[in-house]
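# An overview of the molecular structure
What follows is the residue order along each chain.
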Amino acid sequence: SIKNYNPDSKCILTIGTFDGVHIGHKKIIKSLVKLAKSKKIESTILTFFPHPRMVLQKESNLKLIDTLDEKKNLLNKLGVDNLIVHPFSKAFSRLTSLEFCRDFLVNQLRIDTLLIGYDHHFGHNREATSKDLAAMGQTYSFDVRIIPAQDISSITVSSTKVRKAIKSSDFMLVKKFLGRYFELTGIVIKGDGIGRTIDFPTANIKVEESYKLIPLSGVYLVLVKCKHNLLKGMMNIGMRPTINGKCQSLEVHLFNFNKDIYDQKLKILFIEKIRDEQKFESLDALKKQLEKDKEISKRSLIKRGLH
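All figures in this text were calculated on a predicted structure; none of them were measured in a lab.

### Notes on the packing of aromatic side chains
- One pass over the full model with this rule turns up 12 aromatic pairs.
- With a centroid separation of 5.6 Å and an interplanar angle of 75°, the aromatic rings of F88 and F92 are classed as edge-to-face.
- Assessed through its relative accessible area of 12%, F88 is described here as buried.
- Judged by its relative accessible area of 12%, F92 falls in the buried class.
- Taken together, a centroid distance of 5.7 Å and an interplanar angle of 45° make the contact between F182 and F270 tilted. Taken together, the residues span a long stretch of sequence, with F182 in the loop between α9 (171-178) and β6 (183-189) and F270 in strand β11 (residues 265-275) at a distance of 88 residues. Each of the two residues, F182 as well as F270, counts as buried.
- By way of ring pairs, the aromatic residues F48, F88, F92, F100 and F104 are connected into one cluster.
- Above the ring of Y262, the side-chain terminus of K190 is found at 3.8 Å from the ring centroid.

### With respect to helix α11 (residues 283-303)
- Spanning 21 residues, α11 covers 30 Å between terminal C-alpha atoms, matching the ideal 30 Å at 1.5 Å per step.
- Of the positions making up α11, those classed as buried are L286, Q289, L290, D293, K294, S297, S300 and L301. Seen along its axis, α11 keeps its buried residues to an arc of 155°; they face one direction. Set apart from the buried face of α11 by more than 90 degrees, the exposed residues are K292, R299, I302 and K303.
- The inward-facing, buried residues of α11 contact β8 (218-226), β9 (229-238), β10 (249-254) and β11.
- Phi turns positive, to about 70°, at G305, one or two residues after α11.

### Focus: the sheet that holds strand β2 (residues 42-49)
- Pairing in this open sheet of five strands is parallel, and the strands run β3-β2-β1-β4-β5 from one edge to the other. On the outer flanks of this sheet lie β3 (82-87) and β5 (143-147), each paired with one strand and no other. This sheet shows a mean twist of 25° between the axes of neighbouring strands, independent of strand direction.
- Bridge count for strand β1 (residues 11-15) against strand β4 (residues 111-117) is three bridges, and the pairing is parallel.

### Considering the packing of helix α5 (residues 97-108) against helix α6 (residues 130-140)
- Relative to each other, α5 and α6 sit at 50°, their axes nearing to 11 Å. The orientation of α5 relative to α6 falls into the category oblique. α6 is crossed by α5, and the crossing has right-handed handedness. Taking contact as the criterion, the partners of S97, L98, C101, R102 and V106 in α5 are, on α6, L133, M136 and Y140.
- Residue classes in the contact of α5 with α6 are distributed as six nonpolar, one polar and one charged.

Rules behind the numbers
Residues numbered from 1 in each chain as written. Predicted model: local features only at pLDDT ≥ 70, side-chain atom pairs only at ≥ 80, totals over all residues. Heavy atoms only, no water. Phe/Tyr/Trp six-rings, centres within 6.5 Å; stacked < 30°, edge-to-face > 60°. Buried < 20%, exposed > 50% of the residue type's maximum accessible area, 1.4 Å probe, protein only. Helix = DSSP H or I, 4+ residues; strand = E, 2+ residues; numbered from the N terminus. Lys NZ or Arg CZ within 6 Å of the ring centre and 35° of its normal. Expected span 1.5 Å × (residues − 1). Arc of directions from axis to C-beta. Contact = heavy atoms within 4.5 Å. Pairing = 2+ DSSP bridges. Axes fitted to C-alpha atoms, helices over the stretch in contact; angles between N-to-C directions. Parallel < 35°, antiparallel > 145°, perpendicular 65-115°, else oblique. Left-handed = near helix turned anticlockwise from the far one by under 90°. Nonpolar A, V, L, I, M, F, W, Y, C, P; charged D, E, K, R; others polar.

Keep in mind these numbers describe shape, not what the thing actually does.
Okay, structure coming up:
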């Protein structure tokens, strides 16, 4: 937090929500890290939680591509020195651009350089532009580097586009936008054991964060990171209509795997959607379909060079 951030020297900073840490975000962050190394000072990201839209838009049921922990891990891999997560509140949103610049950026974060996109707005009602920030930089002795429009527009991606691609189950497009597979992290909890009775044992996944974007109901081909192992499997998301399920469940069947993994954390990577969820007349009919799904999944793994 800003309260326990006590820098020994000045830093180079960028600001944003960075939901999804997509290829556009990565371009900005790589520039940040490179510039910091050239100046021999630390690279710092200031981000906010909850997402501003969750606080400011009354009807917002916005779901996020990454949980806060997932975002931290992704940013850490990009070599950022410091990540500051500041609580976003209505009171914070009412700060003027001058108050934000003077009290946060200059007095608390001690910035040397601020790296922002050409279309960046900040302060109460997004009143100030990147040009206003450049003027404040002259007043408070910090440099403002603006990423030009052509650099940003050359990467036609946004967090909104990524969310739409996830909601339409286009995971090839999602991978193109993110530069990685969409992931979902959860803990393995006890289920009702029905999968085991039809030789399709499943790990039931509980996602702690209610704001995490979950793909639509259906059966998916997935890769699963369990400790240091990368496993293959298929995941069902939905209400389990064949057994008259009452609430959404997330279950993953791991191929060639039969170990006790209760209470372990799994990271699930989505490769493609196999089919929609459907109701079968019996568990036997469900088993026959799952065997077909498994064959389709294995063929797809071979086609993609993931077998």
